[in-house]
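Each chain is listed here by its residues.
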Amino acid sequence: MRRRAMMAGLAVALTAVLPGAPADAQEAPPAANRIGISGDIEAGLTLSPGGRSPLTGPPLTDRANVPLFNQALLTIEKPPDPSPRVITAGFHLQLLFGSDARYTRLTGQFADATVDRAAFDVVEAQLRLRLPVARGIDVRIGSYVSPVGYEVLAAPDNIFYSHSYIFSFGVPTKHAGLLTTTHLRGGFDIYAGIDAGVNASIERDDNGAAAFIVGFGYARDALSLVALSHIGPELPRGAPGVRPNRDLRYVNDVFLTWQISKRLMLVSELNYVRDDGLRAEAGGFAQYAVYTLGPRLSIAGRAELWRDDKGVFVARFPGVNDALNAQLGLASSAQLVGAATYLSLTAGLSWRPWKRGGAAGVRLRPELRYDRALAGRPFDEGRGQDQWTLAADIVLPFRLR
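What counts and what doesn't
Residues numbered from 1 in each chain as written. Predicted model: local features only at pLDDT ≥ 70, side-chain atom pairs only at ≥ 80, totals over all residues. Heavy atoms only, no water. Helix = DSSP H or I, 4+ residues; strand = E, 2+ residues; numbered from the N terminus. Rg over C-alpha atoms; globule rule 2.2 N^0.38 Å. Buried < 20%, exposed > 50% of the residue type's maximum accessible area, 1.4 Å probe, protein only. Contact = heavy atoms within 4.5 Å. Areas by Shrake-Rupley, 256 points an atom, 1.4 Å probe, with all protein chains shown as cover. Lys, Arg positive; Asp, Glu negative; His and termini not counted. Charge placed at Lys NZ, Arg CZ, Asp CG, Glu CD. Salt bridge = Lys/Arg side-chain N within 4 Å of Asp/Glu carboxyl O. Polar contact = N/O pair within 3.5 Å; in protein donor to acceptor, adjacent residues only side chain to side chain. Core = buried A, V, L, I, M, F, W, Y, C linked by side-chain atoms within 4.5 Å. Pairing = 2+ DSSP bridges. Phe/Tyr/Trp six-rings, centres within 6.5 Å; stacked < 30°, edge-to-face > 60°. pLDDT = per-residue confidence, 0-100. Patch = residues over 30% accessible without salt bridge, like charges linked within 9 Å, V, L, I, M, F, W, Y side chains within 5 Å.

## Some words on the overall build of the chain
A tally of helices and strands in the chain yields three helices and 19 strands. Relative to the globule expectation of 21 Å for 401 residues, the C-alpha radius of gyration of the chain, 20 Å, shows essentially globular dimensions. Along the three orthogonal principal directions, the C-alpha set of the chain runs to about 60 × 45 × 40 Å. A burial count over the chain gives 53% of its 401 residues as buried. Partitioning the contacts of the chain with sequence separation of at least 6, the portion at a separation of at least 24 is 66%. Accessible surface, the chain as shown: approximately 16,800 Å² in total, 61% of it carbon and sulfur. When the 43 basic and 38 acidic side-chain charges of the chain are each reduced to a single mean position, those positions are 3 Å apart.

So, in structure tokens, the structure goes:
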């Protein structure tokens, strides 16, 4: 009984292993009448004095003192023609191999496609439609990265190598279903969608009920705002003491981006999660600041405060399939770390060593991070209140056509 209760709690931790609302793409999408092929390759290293793998905190960088091949991400796409008068169609396919895929797979998918610490995943496979209604309605049908949250999966579109607690445990990674974005006058967008749930596939949902996305976006001049909620039951069948198809989880996230000047950008994110079945809440706030020193160098900071009030959201995943199995309520070696309030401070650089040629997009991102538990002892296998990490990654984006 205790093991099943733990698996039910660990399922909640899967609320977030990866993204969020997409940041501005590194390069413009291909023309509507052409197929574009692009992607990125990312590898990194996280050093932690005396740290034991897996580290407590963001799962994508949880292996201490060993190099990680995080992702080889390939995108093949043909966007629909944004014609205002006719319905147009396109597609978007995104494939991933690397250690990041341990946490990006939908339930029941590619559990056997693993090599050591790496796995394979079809991140996105979707039909895209453009409907000539209002100022256009964009429709996605299939599997897609969740629009909820600021940080994203694609390495070139993030500020830091390591991720926030919000990204890792407070918002979904992916969905399978239908998502619409209706563009209105004045820079407003309306989001609405239906899907199988948080990181759940249609063919093997962890329960039998649908979930919904609703919210809005606004972008004008130097300001942009995205406010979204994802609502639906998320606990697996057989979880003790809950109604898996009726007890709802509410995932709410708002982020505001303010380009104060050509050099300074601020991003503020507010996150709140409640699960009625587990009678648990989590959430917090993250503040980002990015200052551009020149065309090839910027400095950035992130301060985050995030609370897991019952200790059912933040977990450690020693095995390559632990996150996948925990969400389905299957046996795994995943470990909850207990109730805690996390303070995380990160400072880093983004440096493009080369100015011209094919290597111009290569990026190096060193960072220094300090995590402290204001309540609880989640670090060092339950013995520590804080954790220092020094990390860096290299990102090599590419475009084939």
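## Let's talk about the pattern of salt bridges
Applying the stated rule across the entire model yields 14 salt bridges. Across the pair R369 and D371 runs a salt bridge, and its minimum N-O distance is 2.8 Å. Since its relative accessible area comes to 1%, D371 is described here as buried. Residues R383 and D380 are paired through a salt bridge, measuring 3.7 Å at the closest nitrogen-oxygen approach.

## A look at the environment of S53
Tracing the backbone through its elements, the reader meets S53 in the loop between β1 (36–47) and β2 (67–78). Separated by 263 residues in the primary sequence, S53 and R316 have C-alpha atoms spaced 9.0 Å apart. Contact partners of S53, with chain neighbours within four places excluded, come to D62, R63, A64 and R316. Here the side chain of S53 touches A64 through a polar contact of 2.7 Å, landing on its backbone nitrogen.

## Quick word on the nonpolar core
In this structure, Y150, I159, Y288, W306, F313 and Y342 are the most contacted members of the largest nonpolar core, which totals 31 residues. Of all the secondary structure elements, the ones that give two or more residues to this core are α2 (165–170), β10 (223–233), β11 (248–259), β12 (264–275), β13 (280–294), β14 (297–308) and β17 (340–351). Top contributing element to this core by residue count: β13, with five residues. The next biggest cluster of nonpolar side chains, apart from the first, holds 15 residues, and it includes L96, A119, V145 and L153.

## With respect to the pairing of strand β19 (residues 386–399)
For β1 and β19, the ladder comprises 10 bridges, and the chain directions are antiparallel. The residue of β19 that forms the bridge with L45 is A392. With 10 bridges connecting them, strand β18 (residues 363–375) and β19 associate as antiparallel partners. Across the sheet, E367 pairs through a bridge with A391, a residue of β19.

## Some remarks on unusual backbone geometry
Here the phi dihedral of N65 falls at roughly 65°; this positive angle occurs in a residue that is not glycine. Among the structural elements, N65 can be located in the loop between β1 and β2. One non-glycine residue with positive phi stands out, namely D221, at about 55°. Positionally, D221 belongs in the loop between β9 (211–220) and β10. Given the relative accessible area of 82%, D221 is considered exposed.

## Focus: the pairing of β14
On β14, burial follows the alternation: S298, A300, R302, E304, W306 and D308 on one face are buried, whereas L297, I299, G301, A303, L305 and R307 on the facing-out side are not. From the end of β13 to the start of β14, which pair antiparallel, there are two residues.

## With respect to the packing of aromatic side chains
One pass over the structure, following the stated rule, counts 10 aromatic pairs. Centre to centre, the rings of F110 and F120 are 5.2 Å apart; their planes meet at 90°, and the pair counts as edge-to-face. With F110 in the loop between β3 (88–98) and β4 (114–115) and F120 in strand β5 (residues 118–131), the pair connects residues that are 10 residues apart, well separated along the chain. By relative accessible area, F110 is classed as partly exposed at 30%. When the ring of Y165 is compared with that of F169, the centres are 6.4 Å apart and the planes differ by 35°; the resulting orientation is tilted. Taken together, the residues Y165 and F169, both in helix α2 and four residues apart, mark about one turn of the helix. For Y165, a relative accessible area of 1% corresponds to the buried category. Of the residues examined, F169 reaches a relative accessible area of 0% and is grouped as buried.

## Looking at the confidence of the model for the chain
Should pLDDT be low for a region, the predicted coordinates there are not to be read in detail. Chain-level statistics for the chain give a pLDDT mean of 88 and a share of 91% at 70 or above. Mean pLDDT values for the elements of the chain range from 43 in helix α1 (residues 2–13) up to 98 in β14. Predicted confidence for residues 1–27 stays below pLDDT 50, and this span has 117 contacts to residues more than four positions away or in other chains.

## Regarding a nonpolar patch on the surface
Together, I41, F69, F97, V115, I394 and L396 make up a nonpolar patch on the protein surface, roughly 460 Å² of accessible area in all. The exposure class of F69 is partly exposed, given its relative accessible area of 39%.

## Observations regarding the side chain of Q126
Following the sequence through the fold, Q126 ends up in strand β5. Here R128 takes part through its side chain, which lies 2.7 Å from a polar atom of the side chain of Q126. Discounting residues that sit within four places of it in the chain, Q126 has contacts with G90, F91, H92, R140, I141, G142, S143 and Y144.

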